[in-house]
Amino acid sequence: DLMKDLKQFLKGNQEKEDTTCFDVADPPCKRFRLGYTEEGPGDLNQNEVLGQIPLVNDDNAAMENLAVEVCSVCLGILQEFCEIDFVKKWCALSEWAILKEKVHDYLKTKKLGLSLAKEDIVQLKEAYKWIIHPQLSEELGFPADGKSLFEVSVVFAHPETDEECHFLATVCPDCFKPAKNKQSVFTRMAVVKALEKIKEQDFLKHFPCPPSSPKNLCVALEIQCNNGAVFVAGRYNKYSRNLPQTPWIIDGERKMESSVEELISEHLMAQFKADSFNFSSSGREDVDVRTLGNGRPFAVELVNPHRIHFTAEEIKGLQQTINNSSDKIQVRDLQLVTREAIGRMKEGEEEKTKTYSALIWTDKTIQKEHIAFLDNIKELKLDQKTPLRVLHRRPLALRCRIIHTMKSEYIDEHHFRLRLKTQAGTYVKEFVHGDFGRTKPNIGSLLDRTTDILELDVESVDIDWPPALEN
C-alpha cells in the first residue's frame, strides 16, 4: 500500500517519471548477518548488511564478494575495522542523516503543498526502529526495550550528501560559528536554525522540488554497543585548603596534583569500568575553602559502564574505599540515582541557603562592642559586581544577593570570626573585603575599617538531596 501511494505521489508531481523501477517482486533481505548465513559460514556475502546496504571501503562503494578468512571470534571486526584509515574516515563524517531529514521535512511542508504538521512527519530513525526492532527481537530472543540501559546503535554514512547543506553557510552565516569540541560548524542545531531562517526563494535556488534521486545507497558504517549512563550521587566533605574541586590546569600546566572530582571519580571509574565520567555538584568552593558539616551534594555520570549492577552493600564498600584513599576528602550517602533525580540538585539553587564561617582581620583595633551590632542585622541586601578574581571566566554582571543572618565571635583586637547564612551564589570573600568597592555594603564599610578574610569554611549546604542513608 505504501508503494502504491508513493508511486501515485510521484506520478502527480512528475508526469514523465518512469515508474517501472517500483515493480519490486520481493524486498531485499534486512537481516544483519555477522559472518555467517543460513547456508553456512562459507557462503558469507559481505553485501548482506541491512537490506544489502554495502560496507564502506576507500571508494565509498559496495564491496565485492571477497574470499577473506574471517576470524571466528571477532567476526572480522578486529581485522577490517581497527585500521587507522577507517577510524579517520568515521571521524570525518558529518551528521548527514539528520541534515537530509530536515531538508526533506522542509520540502514536504513548504514546497509540495502537503498539509502536514511537523508532528505528522515520521523521523527516519523512528521508521528504522519500527522495521529492525522485531527482527532483532526474533534473532536474539529478547524484546526491544526503549528504556533499557543496554543500547545498540547503527551508524550510517552517505558521502554523496556530505556537502548538501554547505550552501546554508553563505545564506545564513550567523548560524554557523566555530565552537570548541566540534569537528564541524554544521551541527544539528545550526542546520535546523538555518532552515528556519532561510527564505523560500533562496532555498529553491539550491534544491530542486521534488529532490533528485541519490546515485548511491547509504552504507552501514558501524554498529555500536553501549550501556546507558549510570548516575552515582552523594555528599562530600573537603578538609584541605590546597585542593580544588575540579582539576586546576592553566595553559596546559597542572597547578595542583589532584582534585575532589578525581579523588572520587577514579574509584567509581574503576569499579563501574566506565569509558569516561562527568562530575557536577551543588555549587563549588575555592581551592582554599574547606567544606564541613554534612558536605556538598554531588553527582557523577558514568559513561558506558561495563558493570551496572551493584548491591547496597557493594556501594557502601565503594564509599569506604574512597574514604580510606585520602584524608583530604570524605564521602557520605553514596547511592545510585536516576538521570531525572540529578535535576533536583540544581532546582532552585539560588533560593537555597548556605552557612559559612569566616576568620576576619581588621587593620584598626576592635572590641566586642564594635562588632556586636552585626548580630542584629537581618536580610541584608548586597549588590555584587562580578569579582575581579573570576572576571576572566565569568561575564561582568551586577548580582543582588542576601545575607540572611550573621553571628560574630570576638577573638582579639584584630581578629574575629563571623558565621553567616547567605543566599546561594553569594561571594562571601568579597562581602568581607569589599573587592575595591565592587560589593556594597561589605564588612569593611559596616565597621568603617579595612578588613580581609584569612580563612573560610562552608559549614552547610541546605539542599535536601540526595536522601540521607542510615549509618
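Residues numbered from 1 in each chain as written. Predicted model: local features only at pLDDT ≥ 70, side-chain atom pairs only at ≥ 80, totals over all residues. Heavy atoms only, no water.

J.: Help me understand the overall build of the chain, please; the structure alone is not making it clear to me.
T.: A count of helical and extended segments in the chain gives 14 helices and 14 strands. Each of the 471 residues in the chain was classed as buried or not, and the buried ones make up 37%. Sequence separation of at least 24 residues holds for 72% of the intrachain contacts in the chain that already meet a minimum separation of 6. (Helix = DSSP H or I, 4+ residues; strand = E, 2+ residues; numbered from the N terminus. Buried < 20%, exposed > 50% of the residue type's maximum accessible area, 1.4 Å probe, protein only. Contact = heavy atoms within 4.5 Å.)

J.: Can you help me understand the side chain of Thr386 in this one?
T.: Relative to the elements of secondary structure, Thr386 occurs in the loop between β10 (380-385) and β11 (398-412). In this structure Thr386 comes out as buried when scored by relative accessible area, which is 0%. A polar atom in the side chain of Thr386 sits 2.8 Å from the side chain of Arg399. Apart from the residues lying within four places of it in its own chain, the contact partners of Thr386 are Leu391, Arg394, Pro395, Leu396, Ala397, Arg399, Asp435 and Arg438. (Polar contact = N/O pair within 3.5 Å; in protein donor to acceptor, adjacent residues only side chain to side chain.)

J.: Would you explain the packing of aromatic side chains in this entry?
T.: Two aromatic rings, taken as a pair, are described by how far apart their centres are and by the angle between their planes. For the structure shown, the criterion picks out five aromatic pairs. Plain terms: the ring middles of Tyr236 and Phe298 are 6.1 Å apart, the flat faces sit at 50 degrees to each other, and that makes the pair tilted. In this pair, Tyr236 sits in strand β3 (residues 230-238) while Phe298 sits in strand β7 (residues 290-303), placing the two residues 62 residues apart along the sequence. The residues Tyr236 and Phe298 share a single accessibility class, namely buried. Measuring from ring centre to ring centre gives 5.9 Å for Phe279 and Phe298, while their planes differ by 10 degrees; the resulting arrangement is stacked. You can see Phe279 sitting in strand β6 (residues 276-281) and its partner Phe298 sitting in strand β7, a full 19 residues away along the chain. A residue is classified by how much of its surface remains accessible, and Phe298, at 0% relative accessible area, is buried. Three or more aromatic residues joined by ring pairs make a cluster, and in this case those are Tyr236, Phe279 and Phe298. (Phe/Tyr/Trp six-rings, centres within 6.5 Å; stacked < 30°, edge-to-face > 60°.)

J.: Would you explain the pairing of β7 in this entry?
T.: On any regular strand, side chains alternate: one points to one face of the sheet, the next to the other face. Two elements, β3 and β7, share eight bridges in a ladder whose sense is antiparallel. Residue pairing for β7: Gly234 is matched across the bridge by Phe298. Where β6 lies against β7, six bridges are found, and the strand directions are antiparallel. What sits directly across from Asn278, in β7, is Glu301. (Pairing = 2+ DSSP bridges.)

J.: I keep staring at unusual backbone geometry and nothing clicks. Help me out?
T.: Most peptide bonds take the trans form, and the phi angle of most residues other than glycine is negative. The omega torsion of the bond from Lys440 to Pro441 falls at -15 degrees, within 30 degrees of zero and hence cis. Relative to the helices and strands, Pro441 is located in the loop between β13 (439-440) and α14 (443-447). Put simply, Trp465 and Pro466 share a cis peptide bond, and its omega is -10 degrees. Assignment of secondary structure puts Pro466 in the segment after β14 (451-461). The phi angle at Asp251 is positive, at roughly 55 degrees, despite the residue not being glycine. Its place among the elements puts Asp251 in the loop between β4 (249-250) and β5 (253-254). The phi dihedral of Asp448 is positive, around 55 degrees, even though this residue is not glycine.

J.: Would you mind showing me how to read the confidence of the model for the chain here?
T.: Interpretation of this model should avoid reading the predicted coordinates in detail wherever pLDDT is low. Residues of the chain with pLDDT of at least 70 account for 75%, and the chain-wide mean is 79. Per-element mean pLDDT across the chain ranges from 47 in helix α3 (residues 84-92) up to 98 in β13. Under a pLDDT of 50 for its full length, residues 19-67 has, in the predicted model, 85 contacts with residues more than four places off or in other chains. Throughout residues 86-99 the model reports pLDDT below 50, and contacts reaching past four residues in sequence, or to other chains, amount to 26 contacts. (pLDDT = per-residue confidence, 0-100.)

J.: What should I look at first to understand a nonpolar patch on the surface in this one?
T.: Taken together, the side chains of Leu388, Leu391, Leu396 and Phe436 define a hydrophobic patch exposed on the protein surface, amounting to about 470 Å² of accessible area. Structurally, Leu396 is set in the loop between β10 and β11. With relative accessibility at 61%, the residue Leu396 sits in the exposed group. (Patch = residues over 30% accessible without salt bridge, like charges linked within 9 Å, V, L, I, M, F, W, Y side chains within 5 Å. Areas by Shrake-Rupley, 256 points an atom, 1.4 Å probe, with all protein chains shown as cover. Salt bridge = Lys/Arg side-chain N within 4 Å of Asp/Glu carboxyl O.)

J.: Explain helix α11 (residues 339-346) here, please?
T.: Helical periodicity: at 3.6 residues per turn, an α-helix aligns residues three or four positions apart in one direction. Taken as a whole, α11 has its buried residues at Ala341, Ile342 and Met345. Axial view of α11: buried residues confined to an arc of 110 degrees, hence all on one face. Among the structural elements, β3, β6, β7 and β8 (329-337) are those in contact with the buried residues of α11. (Arc of directions from axis to C-beta.)

J.: Just checking my understanding: could you explain the pattern of salt bridges for this structure?
T.: Within the structure shown, the criterion is met by 18 salt bridges. Arg290 is the partner of Asp457 in a salt bridge, and the nearest nitrogen-oxygen pair spans 2.8 Å. Of the two residues, Asp457 sits in strand β14 while Arg290 sits in strand β7, which places them 167 residues apart along the sequence. You can call Asp457 buried: its relative accessible area is 5%.

J.: Explanation requested: the packing of helix α9 (residues 260-272) against helix α10 (residues 312-325) in the structure shown.
T.: For any two helices packed against each other, the geometry is given by the interaxial angle and the distance between the axes. At a minimum axis distance of 10 Å, the contact between α9 and α10 shows a crossing angle of 140 degrees. In terms of their interaxial angle, α9 and α10 are classed as oblique. As for the relative orientation of α9 and α10, their crossing is right-handed in sense. Taking contact as the criterion, the partners of Leu263, Ile264, His267, Leu268, Gln271 and Phe272 in α9 are, on α10, Ile315, Leu318, Thr321, Ile322 and Ser325. Grouping the constituent residues of the contact of α9 with α10 by class yields seven nonpolar, four polar and no charged. (Axes fitted to C-alpha atoms, helices over the stretch in contact; angles between N-to-C directions. Parallel < 35°, antiparallel > 145°, perpendicular 65-115°, else oblique. Left-handed = near helix turned anticlockwise from the far one by under 90°. Nonpolar A, V, L, I, M, F, W, Y, C, P; charged D, E, K, R; others polar.)

J.: Before we go on, may I ask you to explain the environment of Thr338 in this structure?
T.: With respect to the helices, strands and loops of the structure, Thr338 is situated in the loop between β8 and α11. Thr338 sits in the partly exposed class, given a relative accessible area of 44%. Each C-alpha atom of the pair Thr338 and Ala233 lies 9.4 Å from the other, and the pair is 105 residues apart in sequence.

J.: Even after reading the chapter, I still don't get the environment of Phe176, so can you show me in this structure?
T.: Relative to the helices and strands, Phe176 is located in the loop between α6 (167-171) and α7 (188-197). Between the C-alpha atoms of Phe176 and Phe186, which are ten residues apart in sequence, the distance is 6.6 Å. Setting aside its immediate chain neighbours within four residues, Phe176 contacts Leu168, Ala169, Val185, Phe186, Ala190, Val191 and Ala194.

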